[in-house]
Amino acid sequence: MRTTARTADVTGPLRDRLSGIGRDSYRRLQTYLIVAVQAGLAAALAWVLAGRVLGNPEPTFAPAAAVGVIAAALGNRTRRTVELIVGVVLGIAVGDLLIAVSGTGPWQTGVIVFLAITGAVLVRGSGALMTQAGGTAVLIATLTPTAPDLELPRTVNALIGGAVGLFVVLVLAPLNPLRTVRRVADPALDLFARELSASARALATGDARDAERVLDRMRAAETELGRLGEVVGAADEVVRFSPVRWRRRRALAAYRRGVEHMDRAFRNSRALVRRIGTTLRDGEPVPAGLPAAVEHFGEAVRLLHREFLAAREPVGARDRVLTAVREAGAACRQDMGFSGTIVVSQLRTAANDLLRATGVPRDEARRMVRRAAAGH
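Residues numbered from 1 in each chain as written. Predicted model: local features only at pLDDT ≥ 70, side-chain atom pairs only at ≥ 80, totals over all residues. Heavy atoms only, no water.

**Regarding the overall build of the protein**
For step 1, the next point in the chain: The number of helices and strands found in the protein is 14 helices and 0 strands.
For step 2, the next point in the chain: A total of 376 residues make up the protein; the buried ones form 48% of that total. (Helix = DSSP H or I, 4+ residues; strand = E, 2+ residues; numbered from the N terminus. Buried < 20%, exposed > 50% of the residue type's maximum accessible area, 1.4 Å probe, protein only.)

**What about the packing of aromatic side chains?**
For step 1, the next point in the chain: In this structure the tally under the stated criterion is 1 aromatic pair.
For step 2, the next point in the chain: Centre to centre, the rings of F192 and F266 are 5.2 Å apart; their planes meet at 85 degrees, and the pair counts as edge-to-face. Of this pair, F192 sits in helix α7 (residues 177–205) while F266 is found in helix α10 (residues 249–281), placing the two residues 74 residues apart along the sequence.
For step 3, the next point in the chain: A relative accessible area of 1% places F192 in the buried class.
For step 4, the next point in the chain: A residue is classified by how much of its surface remains accessible, and F266, at 0% relative accessible area, is buried. (Phe/Tyr/Trp six-rings, centres within 6.5 Å; stacked < 30°, edge-to-face > 60°.)

**Observations concerning helix α14 (residues 362–373)**
For step 1, the next point in the chain: For α14, built from 12 residues, the straight-helix expectation of 16 Å at 1.5 Å per residue is met to within 8% by its first-to-last C-alpha distance of 17 Å.
For step 2, the next point in the chain: All of the buried residues along α14 are A365, M368, V369, A372 and A373. The buried residues of α14 occupy an angular sector of 130 degrees when the element is viewed end-on, so they sit on one face. In α14, those exposed residues whose orientation departs by more than 90 degrees from the buried face are D363 and R370.
For step 3, the next point in the chain: Looking at the buried residues of α14, the elements they touch are α12 (315–332) and α13 (338–357). (Expected span 1.5 Å × (residues − 1). Arc of directions from axis to C-beta. Contact = heavy atoms within 4.5 Å.)

**Observations concerning the pattern of salt bridges**
For step 1, the next point in the chain: Counted according to the given criterion, the structure contains 12 salt bridges.
For step 2, the next point in the chain: R194 is the partner of D190 in a salt bridge, and the nearest nitrogen-oxygen pair spans 2.6 Å. Pair noted here: D190 and R194 are both in helix α7, with a separation of 4 residues, about one helical turn.
For step 3, the next point in the chain: Given a relative accessible area of 38%, D190 falls into the partly exposed group.
For step 4, the next point in the chain: Connected via shared salt-bridge partners are E299, R302 and R306. (Salt bridge = Lys/Arg side-chain N within 4 Å of Asp/Glu carboxyl O.)

**Digging into the nonpolar core**
For step 1, the next point in the chain: V181, L228, M262 and L354 are the most contacted members of the largest nonpolar core, which has 70 residues in total.
For step 2, the next point in the chain: Per-element accounting of this core gives the leading share, 14 residues, to α7.
For step 3, the next point in the chain: With residues near it in sequence (within four places) discarded, V181 still touches L228, V231, V232, A235, L252 and Y255.
For step 4, the next point in the chain: Counting residues in each nonpolar core, the second largest holds 14 residues, with A46, A50, I70 and V169 among its members. (Core = buried A, V, L, I, M, F, W, Y, C linked by side-chain atoms within 4.5 Å.)

**Examining a nonpolar patch on the surface**
For step 1, the next point in the chain: Side chains of L41, L45, F167, V171 and L172 sit close together on the surface and give an oily, nonpolar patch of about 390 Å² of accessible area.
For step 2, the next point in the chain: Breaking the nonpolar patch down by element, the ones donating at least two residues are α1 (2–53) and α6 (151–172).
For step 3, the next point in the chain: In terms of residue count, the dominant contributor to the nonpolar patch is α6 (3 residues). (Patch = residues over 30% accessible without salt bridge, like charges linked within 9 Å, V, L, I, M, F, W, Y side chains within 5 Å. Areas by Shrake-Rupley, 256 points an atom, 1.4 Å probe, with all protein chains shown as cover.)

**A look at the side chain of N352**
For step 1, the next point in the chain: By the element assignment, N352 lies in helix α13.
For step 2, the next point in the chain: On the accessibility criterion, N352 (16% relative accessible area) is buried.
For step 3, the next point in the chain: Those residues in contact with N352 that sit more than four places away from it in its chain are R362, A365, R366 and V369.

**Points about the packing of α13 against α14**
For step 1, the next point in the chain: Running from N to C, α13 and α14 point in directions that differ by 135 degrees, and their axes come no closer than 9 Å. Classified by the angle between their axes, α13 and α14 sit oblique to one another. Read as a crossing pair, α13 and α14 show a hand that is right-handed. Here R348, A351, N352, L355 and R356 of α13 lie close against α14, whose contacting residues are R362, A365, R366, M368, V369 and A373.
For step 2, the next point in the chain: In the contact of α13 with α14, the residues fall into 6 nonpolar, 1 polar and 4 charged. (Axes fitted to C-alpha atoms, helices over the stretch in contact; angles between N-to-C directions. Parallel < 35°, antiparallel > 145°, perpendicular 65-115°, else oblique. Left-handed = near helix turned anticlockwise from the far one by under 90°. Nonpolar A, V, L, I, M, F, W, Y, C, P; charged D, E, K, R; others polar.)

Okay, structure coming up:
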């Protein structure tokens, strides 16, 4: 019986972990499958355009450049296309200069790559630009002896690939911005709200271990919120530049403005949960209004998500945030310990972040939090 119980204790968490990994992988596949479709389509079109239409005898880099534009990141593809082309030109310039002076060989290749990447650093290039400059320099250094006059076709291929990549993601097969955001935001914000509710229950029941488990889950979920910012950036790029998605601009604007503040609210909420654990471990008094305040704050996250998706002014979320602050303020005026007062302070900070996410200006958000904390 004891062996069976120990086996259950081990296999239960393992099964839950594997199930969670499976769900996360499925959600990622739903989110990024469109990227795979776009990359395959762009690669085929770039090859046809460079090799068949323009007759380029070495069209290989055109599909590579198209895929680079699409796969380098979900957002900022326009900027990355420019970086791609600049990296190609920089790699060609450095490679040609060094080959003319010192010829080709292993040490020459190393020097060429070093100087190309150094040049990319000096022009404040990103990792994508440095990678492209270095890769182009390698090809110039190694292929020039067997494939002379590579410079112009290589540059033309970069232009073709970048243009085709942008055409595919913005016109031919743009992602559905709201559907893509919803697939990431639903689990991320639901988890955010759910863990706040769980921390409120731990506070109400005095279960310090439960609060620690909530904190562990929130730490593990940080990547979910980070992915939301990435996807919102990609969706925003689509609605700004893709004619077929312009009508989604208003609905996405709220997410674009709010995602940074939601990320801050999550981080401050995690600090709040950490201090809840300290409050419980130290046996400090917990007024009934404090768990209620945390629960109201979690509900405000749920309301904000619903109102964003419905393209409504997030009035309900703002009201619920202020209700949470009032409850916490009332609790703070009762018998509380040191860590309990810090819980209230962290909640006010997170409330300010969430109000900012609803579109409230900074000074107005601070004023609203102060008034609510005073009971107004």
